[in-house]
Amino acid sequence: MKKIKYFVDNLPVDKKGHVTFGNIINFPVIITTTILGGLILPSINVFNWFFLHNFILGGLIGVIICVFFHIGVEKWQRRSGKGVHDMNDALAGYSSALALGILLIVINFLIPQ
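Some details on the overall build of the chain
Inference 1: What the chain contains, in helices and strands, is four helices and two strands.
Inference 2: Each helix (α) and strand (β) of the chain, taken in turn from the N terminus, gives the series α-α-β-β-α-α.
Inference 3: Whereas a compact globule of 113 residues would reach a radius of gyration of roughly 13 Å, the chain reaches 17 Å, over 25% beyond that.
Inference 4: Taking the principal axes of the C-alpha coordinates as reference, the chain spans close to 50 × 40 × 25 Å.
Inference 5: A burial count over the chain gives 32% of its 113 residues as buried.
Inference 6: Entry remark: accessible area of the chain is about 7700 Å², with carbon and sulfur atoms responsible for 74%.
Inference 7: Where the 9 positive side-chain charges of the chain centre and where its 5 negative ones centre are 2 Å apart.

The structure is reproduced here in structure tokens:
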């Protein structure tokens, strides 16, 4: 436990900010796209071996939106000269979106067709 505390304490403030920003932004975006996907998108059946429920597809679209958003923030920081441009910051920002995406895929396989 001391190693984990040491690791977290020694993270740069910028990384902690991106992780916090990602945790605040990613969840509402993914929940919104999951609900919209359930209302708008059709379910997909690929060659009768992979079934993707419509709300899961919406959530995965939300994950992609979050990834591009955080990469866009880093591109903006490079272009404007504000903040520190580091693509690892983008990874820190969308890491929670990737975790939610993995959870959505697992849920997809637990729901019967």
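Some remarks on the environment of Asp86
Inference 1: Here Asp86 is to be found in the loop between α3 (54–80) and α4 (87–110).
Inference 2: Distance in space between the C-alpha atoms of Asp86 and Leu110 is 37 Å, their sequence separation being 24 residues.
Inference 3: Setting aside anything within four residues of it in sequence, one finds Asp86 in contact with Lys15 and Glu74.
Inference 4: A distance of 2.9 Å separates polar atoms of two side chains, one belonging to Asp86 and the other to Lys15.

A short note on the packing of helix α2 (residues 13–40) against α3
Inference 1: Look at α2 against α3: their axes get within 7 Å of each other, and the N-to-C directions meet at 145°. Crossing of α2 against α3: the hand is right-handed.

Some words on the nonpolar core
A general trend in soluble globular proteins is that nonpolar side chains are found buried together.
Inference 1: Formed by 13 residues in total, the largest nonpolar core has its most connected members in Ile30, Leu52, Ile56, Val63, Tyr94 and Ala97.
Inference 2: Taken together, the elements giving at least two residues each to this core come down to α3 and α4.
Inference 3: Looking at which element gives the most residues to this core, the answer is α3, with six residues.
Inference 4: For Val63, the residues in contact, after removing those within four places along its chain, are Ile30, Ala97, Leu98 and Gly101.

So, the pattern of salt bridges
Inference 1: Using the criterion set out here, one finds three salt bridges in the structure.
Inference 2: Among the ionic pairs, Asp9 bridges to Lys5, the shortest N-O distance being 2.7 Å. Taken together, the residues span about one helical turn, with Asp9 and Lys5 both in helix α1 (residues 2–9) at a distance of four residues.
Inference 3: A salt bridge links Asp86 to Lys15, with the shortest nitrogen-to-oxygen separation between them at 2.9 Å. Note that Asp86 is positioned in the loop between α3 and α4 and Lys15 in helix α2, a separation of 71 residues in sequence.
Inference 4: Classification of Asp86 by relative accessible area gives partly exposed; the value is 25%.
Inference 5: Each of Lys15, Asp86 and Asp89 takes part in a single network of salt bridges with overlapping partners.

Conventions we followed
- Residues numbered from 1 in each chain as written.
- Predicted model: local features only at pLDDT ≥ 70, side-chain atom pairs only at ≥ 80, totals over all residues.
- Heavy atoms only, no water.
- Helix = DSSP H or I, 4+ residues; strand = E, 2+ residues; numbered from the N terminus.
- Rg over C-alpha atoms; globule rule 2.2 N^0.38 Å.
- Buried < 20%, exposed > 50% of the residue type's maximum accessible area, 1.4 Å probe, protein only.
- Areas by Shrake-Rupley, 256 points an atom, 1.4 Å probe, with all protein chains shown as cover.
- Lys, Arg positive; Asp, Glu negative; His and termini not counted.
- Charge placed at Lys NZ, Arg CZ, Asp CG, Glu CD.
- Contact = heavy atoms within 4.5 Å.
- Polar contact = N/O pair within 3.5 Å; in protein donor to acceptor, adjacent residues only side chain to side chain.
- Axes fitted to C-alpha atoms, helices over the stretch in contact; angles between N-to-C directions.
- Left-handed = near helix turned anticlockwise from the far one by under 90°.
- Core = buried A, V, L, I, M, F, W, Y, C linked by side-chain atoms within 4.5 Å.
- Salt bridge = Lys/Arg side-chain N within 4 Å of Asp/Glu carboxyl O.

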